[in-house]
Amino acid sequence: MLVRVPDYFDQFQCLAGACPHTCCEKWEVVIDQESAAFYETVPGDLGEKLRSALKEDEDGDLCFPLNGGRCPFLDEDNLCEIHKKLGEEATSVTCREHPRFTEDYGPFREITLSASCPAANALLLGSEAPLTFRSFETEEPEEDGDDWLTHLLPLRGRMLDLLTDRSRPLKARLASFLALALAAQDCLEEDCPEELPEVGEAVLSPAAEGLFPAALSFLASLEVMDPDWPALLKQAETVEPEAVPEELLERIAVYFAFRYLLKAVNDADLLGRAELCVFAVLVIERLAAVCGLTEALRRFSCEIEHDDGNLDALLEAFAMDGALSPERFLAELGQ
Ligand code: SF4
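These figures come from a predicted structure and were not determined experimentally.

Visitor: How do you make sense of the pairing of strand β5 (residues 108-113) when you look at a structure like this?
Guide: Sheet faces and side chains relate simply in a regular strand, where the side chains alternate between the two faces. With respect to burial, β5 is a largely interior element, six of its six residues being buried. With three bridges connecting them, strand β1 (residues 2-6) and β5 associate as parallel partners. In the sheet register, Leu2 faces β5, and the bridge partner there is Phe108. Pairing of strand β4 (residues 100-104) with β5 involves five bridges; the strand directions are antiparallel. The residue of β5 that forms the bridge with Glu103 is Glu110. In textbook terms, the turn of a hairpin is the stretch between consecutive antiparallel strands, and for β4 and β5 this stretch comprises three residues, one of which, Gly106, has a positive phi near 105 degrees.

What follows is the structure, given as structure tokens:
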């Protein structure tokens, strides 16, 4: 099977005990059945601790409830007790996979590294070169995929090319990216995906107002992971935006576009996902004036990318909320 990854994928290395924002804090990790069954067999004090820590959450999933905001197996050196005493393979699938986001499309698989992880974030923002992707083959057999992939894949290629066309200002590129998604959305809704590779950019008049501060208020209404997130959003409403290198914002746009656009194969919502990419860039640019670009990206990723409910609420708002309409996006982009 063909696997696609960002060009910096192989450079990723977990910071372990030196991580300033360890993923073993704040998030309650779901424990898969296989790991839970293994924990039943572990002897001694660690076995006892594993079994007494394992609880069912409100969704019926097994997890280790946090203790003071930390995983109960995170020791005083910020290292995982399970990993140290039983080896990495004894940790749960979620722990072993993080910060990888894996999407299986059938004939191919795509893996990204979540920008919520400081090490992955540093790799994404550690270069101003256009972000590229490479692919490799694995022994695993391909599976059938949705027919729409044949048409969506080249369209996503065009959309990524638009984003990385450095002959134009980034905001003009983002506007073209949205206009192309808007026209493509019509093809999907009319069930003519074969027209996608040739579709042109839709023409749309910008609204009188842009996205802000409505975009920040909307984010503040979503589920919050870190209690100071709403205050950060509030500060961003009044702080003057600071200049952020376009090359880095472009890499952020490409990161989101690669991760989200193809998911339209599942529900035909390509426009919503294109809006999500542009929304992320514009919000992160604003937050950067409050906490710096690296932290802005990390916080956005933690609060939005790791909460499916928040992602769904954003997609719904793009479709339903006039304050987050494509016309508002265009006005915000100055187009
Ligand atoms: S957030 Fe990233 S670098 Fe930090 S502990 Fe988790 S995987 Fe390692």
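Visitor: Could you clarify how one ought to interpret the nonpolar core in this entry?
Guide: Soluble globular proteins tend to pack their nonpolar side chains together in the buried interior. Counting residues in hydrophobic clusters, the biggest one holds 94 residues, and the most contacted among them are Leu219, Phe256 and Phe279. Examining the composition of this core, we find that 14 residues originate from one element, helix α12 (residues 270-291), more than from any other. Listed in part, the 15 residues of the second largest apolar core include Val29, Tyr39, Leu50 and Phe64.

Visitor: Before we go on, may I ask you to explain the site of the ligand in this structure?
Guide: Taken together, Cys14, Leu15, Cys19, His21, Thr22, Cys23, His98, Cys117, Pro118 and Ala119 make up all the residues around the ligand. Counted by class, the shell around the ligand contains seven nonpolar, three polar and no charged residues.

Visitor: In this structure, what is going on with unusual backbone geometry? I would like to understand it.
Guide: In terms of backbone geometry, most residues other than glycine have negative phi values and most peptide bonds are trans. Between His98 and Pro99 the backbone carries a cis peptide bond, its omega angle lying at 10 degrees. Looking at the element boundaries, Pro99 is found in the loop between α4 (93-97) and β4. Backbone geometry places Ala16, a non-glycine residue, at a positive phi of 45 degrees. With respect to the helices, strands and loops of the structure, Ala16 is situated in the loop between β1 and α1 (33-39). Residue Ala16 is classed as partly exposed on the basis of its relative accessible area of 35%.

Calculation notes
Residues numbered from 1 in each chain as written. Predicted model: local features only at pLDDT ≥ 70, side-chain atom pairs only at ≥ 80, totals over all residues. Heavy atoms only, no water. Buried < 20%, exposed > 50% of the residue type's maximum accessible area, 1.4 Å probe, protein only. Helix = DSSP H or I, 4+ residues; strand = E, 2+ residues; numbered from the N terminus. Pairing = 2+ DSSP bridges. Core = buried A, V, L, I, M, F, W, Y, C linked by side-chain atoms within 4.5 Å. Near = heavy atom within 4 Å. Nonpolar A, V, L, I, M, F, W, Y, C, P; charged D, E, K, R; others polar.

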